[in-house]
Amino acid sequence: MQMAIDANLDLVNVAPQAKPPVCRIMDYGKFRYEQQKKEKEARKNQKIVDLKEVWFRSNIEEHDYQTKFRNVVKFLGEGDKVKCSVRFRGREIAHSNIGLKILERVAKEVADICVVERMPKLEGRSMIMILAPKSH
């Protein structure tokens, strides 16, 4: 304690559980400032992954499919997860295999840039599949 006072620094208990407890003589204010700076830098560099959603219909035309497919590729390229959904209206729910074919086609066409995080599954009147970008 006297050595810390003589050096005009702080005596910091770094390992209180150890036998005997370990202490260090340092400038505690400077140490906390550097820790906060490191945490802020780490937060700045991390990527926040969003979940984007693209709706398909069971009787979608080819051009509409291509437009929505381009959006899926764009979202995956930006590093976001994509929730692909096929919405069924009225009696379309009886032919849910058509929606399954659409989602399988999307998964097959983007297989090189993403992984299927959740396989197509019918939930209520929607069939949902989640795609996640491959990590490089």
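Worth saying up front: this structure is predicted, and the values here are computed from it rather than measured. (Residues numbered from 1 in each chain as written. Predicted model: local features only at pLDDT ≥ 70, side-chain atom pairs only at ≥ 80, totals over all residues. Heavy atoms only, no water.)

A. Expanded view of the packing of helix 3 (residues 62-77) against helix 4 (residues 96-109). Put simply, helix 3 and helix 4 touch, their axes get as near as 11 Å, and they point 50° apart. When the axes of helix 3 and helix 4 are compared, the pair comes out oblique. The handedness of the crossing between helix 3 and helix 4 comes out as right-handed. Along the contact surface, helix 3 presents Glu62, Tyr65, Gln66, Phe69 and Val72, while helix 4 presents Ile102, Arg105, Val106 and Glu109. Residue classes in the contact of helix 3 with helix 4 are distributed as five nonpolar, one polar and three charged. (Axes fitted to C-alpha atoms, helices over the stretch in contact; angles between N-to-C directions. Helix = DSSP H or I, 4+ residues; strand = E, 2+ residues; numbered from the N terminus. Parallel < 35°, antiparallel > 145°, perpendicular 65-115°, else oblique. Left-handed = near helix turned anticlockwise from the far one by under 90°. Contact = heavy atoms within 4.5 Å. Nonpolar A, V, L, I, M, F, W, Y, C, P; charged D, E, K, R; others polar.)

B. Focus on the pairing of strand 5 (residues 114-123). When strand 5 meets strand 6 (residues 126-133), the two strands line up antiparallel, connected through seven bridges. Within strand 6, the residue paired with Val115 across the bridge is Ala132. Taken together, strand 5 and the strand that follows it, strand 6, pair antiparallel across an intervening segment of two residues, in which Gly124 is found at a positive phi of about 65°. (Pairing = 2+ DSSP bridges.)

C. Region of the structure containing the environment of Arg125. Within the secondary structure layout, Arg125 lies in the loop between strand 5 and strand 6. Given a relative accessible area of 44%, Arg125 falls into the partly exposed group. A sequence separation of 36 residues divides Arg125 from Arg89, and the C-alpha atoms of the two residues are 7.3 Å apart. Each residue touching Arg125, except ones within four places of it in the same chain, is listed here: Val86, Arg87, Phe88, Arg89, Gly90 and Ile93. Looking at Arg125, its side chain comes within polar contact range of the main-chain oxygen of Gly90, at 3.3 Å. (Buried < 20%, exposed > 50% of the residue type's maximum accessible area, 1.4 Å probe, protein only. Polar contact = N/O pair within 3.5 Å; in protein donor to acceptor, adjacent residues only side chain to side chain.)

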